[in-house]
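The residues making up each chain are set out below.
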Amino acid sequence: MAIKTIIEPFRIKAVEPIRMTTRAEREARIREAFYNVFLLHADDVLIDLLTDSGTGAMSSDQWAAVMRGDESYAGSPSFYRFEESVKRLFPFKHIIPTHQGRAAERILFNVTCGPGQIVPNNTHFDTTRANIEYRGATALDLPCAESHDIATPHPFKGNMDVAALERLLEGEGLEKVPLVMMTITNNSGGGQPVAMANVRAVSEICHRYGIPFYIDACRFAENAYFVKQREPGYADKSVVDIARELMSYADGCTMSAKKDGLANIGGFLATDDEELARQEKDLLILTEGYPTYGGLAGRDLEAIAVGLEEVVHEDYLQYRIVSTGYLGKHISREGVPIVQPPGGHAVYIDCSAFLPQLEPLQYPGIALAVELYVEAGIRGVEIGSVMFGQVEPESGEETPAEKELLRLAIPRRVYTQSHIDYVVEAILEVWKRREGIGGYRISYQAPFLRHFTARFEPLGARA
Ligand code: F0G
């Protein structure tokens with residue numbers, strides 16, 4: 001009988017000690033941080049699930065490649081190795097390196113969109129939305145119907161609502177919609193994958209209306225693996241072929257190499273359009289750097305080149321998806337409400353269902369983030385009304401977000417199964433005492449992107 005246990009497909013060569021803390025210390029640290037986990041020192045965190053972005057562990061081959069990095073200002077061989085590795089998976093004509101994903105977004109939206117226009121997406125990530133709004137345009141989310149139902153699983157909950165897109169384009173056309181984007185996997189929508197059939201359908205509609213179609217490819221490898229697992233007809237295809245097929249439907253993409261590039265920094269912008277690429281490179285020189293390095297050192301380009309080879313290894317992806325699912329499965333079978341099924345890079349706890357005694361504007365996501373930190377030194381991030389609520393600038397009146405979630409994002413190749421078992425146990429301890437958990441009010445907030453610096457106060461004594 002074949003062995004069923006799926007192991008981490010790596011050994012550990014360098015270790016980073018975790019500083020243990022006591023509950024009393026954590027009580028003090030979170031109070032000093034005004035109950036906002038972004039304001040904690042990372043040294044005071046035991047298991048950091050704030051983000052999977054730039055927090056992964058590099059392999060010995062990546063570190064070896066770092067030494068090969070060539071720091072020539074123009075025409076570095078590291079750029080050509082980077083370009084070749086990117087083009088194997090993203091076969092676009094022009095590959096423009098940037099220091100991270102949002103730099104690629106900023107350049108793309110600067111050359112393509114302006115005031116009064118609309119950019120649809122399945123669900124925009126917050127930097128994508130902010131870069132579009134900064135241009136005076138509207139960032140429109142068109143998630144599929146299944147995505148609204150938190151508790152019911154669906155294989156491709158990240159899909160776009162194709163009929164809604166078609167209605168929009170019929171009414172508005174090219175003048176109003178300069179491009180359509182699709183985020184794979186759909187991060188703000190619960191780390192859920194997008195089906196190949198959905199990408200194909202969106203691409204077909206865009207091209208019928210003559211509108212460019214772009215992919216936000218941050219977690220393309222995880223998405224490709226889900227397609228292989230869940231979509232009929234793909235079980236026997238390689239992840240590389242699936243990724244290439246996904247990209248073949250698009251006119252270009254933006255990418256943060258801090259996710260599925262398995263690097264700590266970097267990104268790129270890709271396009272088939274000659275004229276657009278010329279304009280993008282002009283802007284790149286203005287703010288990022290010469291087109292053969294973007295905002296990166298040669299050594300970073302090398303780390304990404306190797307990362308993109310490793311991320312499509314199927315034993316790595318199997319471990320990645322199974323280990324995220326392991327956390328989701330072990331808490332949900334004890335009753336903890338999560339977005340079902342677990343996503344590729346993160347598990348999202350439904351805080352409205354976890355803490356039904358709290359109103360959305362008592363910030364249940366903040367309340368749970370605080371409790372998890374105090375209980376066990378675990379740091380997650382609220383994706384709810386603090387991050388996505390609307391505040392009326394004049395009156396200060398707040399409209400809550402659609403969902404109150406706490407995201408536990410898993411850094412790539414960093415934590416072992418016993419770390420995750422510890423996270424499971426901690427969540428279940430907080431679950432047992434959930435009825436005693438109270439809400440928060442905001443005592444200070446910035447006028448935009450308030451979640452990073454907001455200060456909170458407990459509404460009553462913390463239980
Ligand atoms: N698009 C998506 C879907 C993302 O998740 C991110 C970053 C970006 C674009 C921007 O890339 O950080 O390299 O500038 N997401 C991180 C997160 C920050 O925690 O989910 P970046």
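Residues numbered from 1 in each chain as written. Predicted model: local features only at pLDDT ≥ 70, side-chain atom pairs only at ≥ 80, totals over all residues. Heavy atoms only, no water.

### What to know about the packing of helix 14 (residues 364-376) against helix 16 (residues 417-432)
Reasoning step 1: Close contact between helix 14 and helix 16 brings their axes to 9 Å; oriented N to C, the two are set at 120°. By the criterion of interaxial angle, the relationship of helix 14 to helix 16 is oblique. For the pair helix 14 and helix 16, the crossing hand works out as right-handed. Across the interface between the two elements, Leu368, Glu371, Leu372, Glu375 and Ala376 of helix 14 pack against Tyr422, Ala426, Ile427, Glu429 and Val430 of helix 16.
Reasoning step 2: Among the residues forming the contact of helix 14 with helix 16, the class breakdown is seven nonpolar, no polar and three charged. (Axes fitted to C-alpha atoms, helices over the stretch in contact; angles between N-to-C directions. Helix = DSSP H or I, 4+ residues; strand = E, 2+ residues; numbered from the N terminus. Parallel < 35°, antiparallel > 145°, perpendicular 65-115°, else oblique. Left-handed = near helix turned anticlockwise from the far one by under 90°. Contact = heavy atoms within 4.5 Å. Nonpolar A, V, L, I, M, F, W, Y, C, P; charged D, E, K, R; others polar.)

### A few points about the domain arrangement of the chain
Reasoning step 1: Each assigned domain of the chain is listed with its residue range as follows: domain 1 (23-52 + 313-458) and domain 2 (60-310).
Reasoning step 2: Taken over C-alpha atoms, the centre of domain 1 sits 27 Å from the centre of domain 2.
Reasoning step 3: Domain 1 puts 27 residues into the contact, and the matching count from domain 2 is 32 residues.
Reasoning step 4: Both faces considered, domain 1 and domain 2 share a buried interface measuring about 2,500 Å² in area, 54% of it formed by carbon and sulfur atoms.
Reasoning step 5: Note that Asp260 and Arg412 form a salt bridge whose closest N and O atoms lie 3.2 Å from each other.
Reasoning step 6: Joining domain 1 to domain 2, the criterion identifies 20 residue pairs in polar contact (both at pLDDT 80 or more).
Reasoning step 7: Mapped by element, the contributors of at least two residues to the side of domain 1 that touches domain 2 are helix 12 (314-332), strand 9 (346-350), helix 15 (385-388) and strand 14 (405-409).
Reasoning step 8: At six residues, helix 12 tops the list of elements feeding residues into the side of domain 1 that touches domain 2.
Reasoning step 9: Looking at side-chain class alone, the side of domain 1 that touches domain 2 contains 11 nonpolar, seven polar and nine charged residues. (Domains from an automatic or database assignment. Buried area = accessible area lost by both parts, 1.4 Å probe. Salt bridge = Lys/Arg side-chain N within 4 Å of Asp/Glu carboxyl O. Polar contact = N/O pair within 3.5 Å; in protein donor to acceptor, adjacent residues only side chain to side chain.)

### Details of the sheet that holds strand 8 (residues 267-271)
Reasoning step 1: Spatial strand order, 2-8-7-6-5: five strands in an open sheet with mixed pairing. A single partner strand is all that each edge strand has here, and the edge strands are strand 2 (94-98) and strand 5 (180-183). The sheet shows a mean angle of 15° between the axes of neighbouring strands, direction not considered.
Reasoning step 2: Bridge count for strand 2 against strand 8 is five bridges, and the pairing is antiparallel. (Pairing = 2+ DSSP bridges.)

### Points about the side chain of Ser85
Reasoning step 1: With respect to the helices and strands, Ser85 occurs in helix 3 (residues 77-89).
Reasoning step 2: Judged by its relative accessible area of 7%, Ser85 falls in the buried class.
Reasoning step 3: Residues in contact with Ser85, not counting those within four places in the same chain, are Ala305, Leu308 and Glu309. (Buried < 20%, exposed > 50% of the residue type's maximum accessible area, 1.4 Å probe, protein only.)

### Describing the sheet that holds strand 11 (residues 381-383)
Reasoning step 1: With antiparallel pairing, the three strands of this open sheet are ordered in space as 9-14-11. Among the strands making up the open sheet, the edge pair consists of strand 9 and strand 11. In this sheet, adjacent strand axes meet at a mean angle of 35° when their direction is disregarded.
Reasoning step 2: Sheet analysis places strand 11 next to strand 14, joined by three bridges and oriented antiparallel. Residue pairing in the sheet places Ile383 in a bridge with Leu405 of strand 14.
Reasoning step 3: Contacts from helix 12 reach strand 9 and strand 14 within the one sheet, and its direction differs from that of strand 9 by about 25°.

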